[in-house]
Each structure stands twice: as structure tokens, then as C-alpha cells.
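Report on the structure
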Amino acid sequence: MAEQYGFYVDTSRCIKCWACQVACKQWHGIKANTVARREVKETVEGTFPNVKRKFESLSCMHCEKPACFGACPQGAIEKRADDGIVTVNLEKCIGDKSCEEACPFDVPEFIERDGKTVMDKCDTCLSIGRNEDGNPHCVAACPLQALHFGPLAEMAKLAAEKGGKQMEGETVPSVYVS
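All values derive from a computational prediction rather than experimental measurement. (Residues numbered from 1 in each chain as written. Predicted model: local features only at pLDDT ≥ 70, side-chain atom pairs only at ≥ 80, totals over all residues. Heavy atoms only, no water.)

Let's shift gears to helix 5 (residues 152–161). The α-helix advances 3.6 residues per turn, and as a result positions three or four apart in sequence lie on the same side. If you check which residues of helix 5 are buried, you get Leu152, Met155 and Ala159. For helix 5, the angular spread of the buried residues around the axis is 55°, confining them to a single face. Helix 5 presents Ala153, Lys157, Ala160 and Glu161 as exposed residues on the side facing more than 90 degrees away from its buried surface. Against the buried residues of helix 5 lie strand 1 (5–9), strand 8 (147–151), strand 9 (165–166) and strand 10 (175–177). Just past helix 5, the residue Gly163 takes up positive phi, approximately 75°. (Buried < 20%, exposed > 50% of the residue type's maximum accessible area, 1.4 Å probe, protein only. Helix = DSSP H or I, 4+ residues; strand = E, 2+ residues; numbered from the N terminus. Arc of directions from axis to C-beta. Contact = heavy atoms within 4.5 Å.)

Every buried residue of helix 1 (residues 19–28) is listed here: Cys20, Gln21, Ala23, Cys24, Lys25 and His28. Phi turns positive, to about 65°, at Gly29, one or two residues after helix 1.

Quick look at the structure:
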């Protein structure tokens, strides 16, 4: 594999405006109150008056060792050799949900397409084309630049500048968070 790509989420900048989530739905033609390729999650720590809220914009983790890949009986899940992005071949997908059971991050969701149920997840906008800067539309839509995409080494550097680190897991997620 050439160079793994992934995301960096700067939680000090994310204000839970949902621009990334809305952009994803809009660009992919996803109806409201259905699947969410990208979700803004909130965590709360501490007790009053010392409470800390943190927001994270997360999608598929495009793992180095994706559990969904090995779990798919049809070989419909692929990890691209040139950038490590995990994609779904909808022609092969039979919607048996084995990928959903295998994913430790609960990423795979299922939609009806062309009369069959298939898995749906973030593909970093490969299926529709990224913006002119080469970014997925969620990254381009973030008004406070809390969401970044690129080579994992660059994401690691950005995260390190803010005391962040790579998300943990046996599948080695390609996401850094600070």
C-alpha cells in the first residue's frame, strides 16, 4: 500500500454545528432521518460545575486492519491499495450484515438501492467526487476547520500539535482526535 489516508478531528474547534453531517447527506442525496455516513457525537465528562463537553465528527474509520473486510462473505468490502480507503462494491454486496456485526465502531448501515439492501458508509466522497482541494465534502463544509483529511502522517502531525492521538482499537483506525 502506498500511503494510508484518514481524518483528524480537532475537538477544540468543533462546535456541533452539524455542517459536516448536513454536507454529507446533501452531496450523497441521503434523506433526512435515515442513514448517517457521518455523525457528530458528544461526550460529557465531570460533574457540575466542572463539566467538559467534547464533540467529535466521526464516520468510517478506514481502518488499517478493517474487521468488516474479513467478515464480508462476498468480498464486497475492499481496501484501496493506493490510499487505504475502505470501500463497498455495491454490485457484490448482499446486505447480510456480517460487516455490521464485525465493525467495532458500529459504522455500517443499510439502505435500499435498486431493489436490494446494501451496506452504506463513508467512502471519503470517492463515489461522488471530492471538492477542488481534494477534500471530502464534510471537510470542506466545516466552518471552523475542525475536520481534516489527508495522509495519515500529516493527520498525526496536526493531532500532535494539539496533544491528540490516534483512536485506539485492534483494527487500527485511521482517525486522530485531539
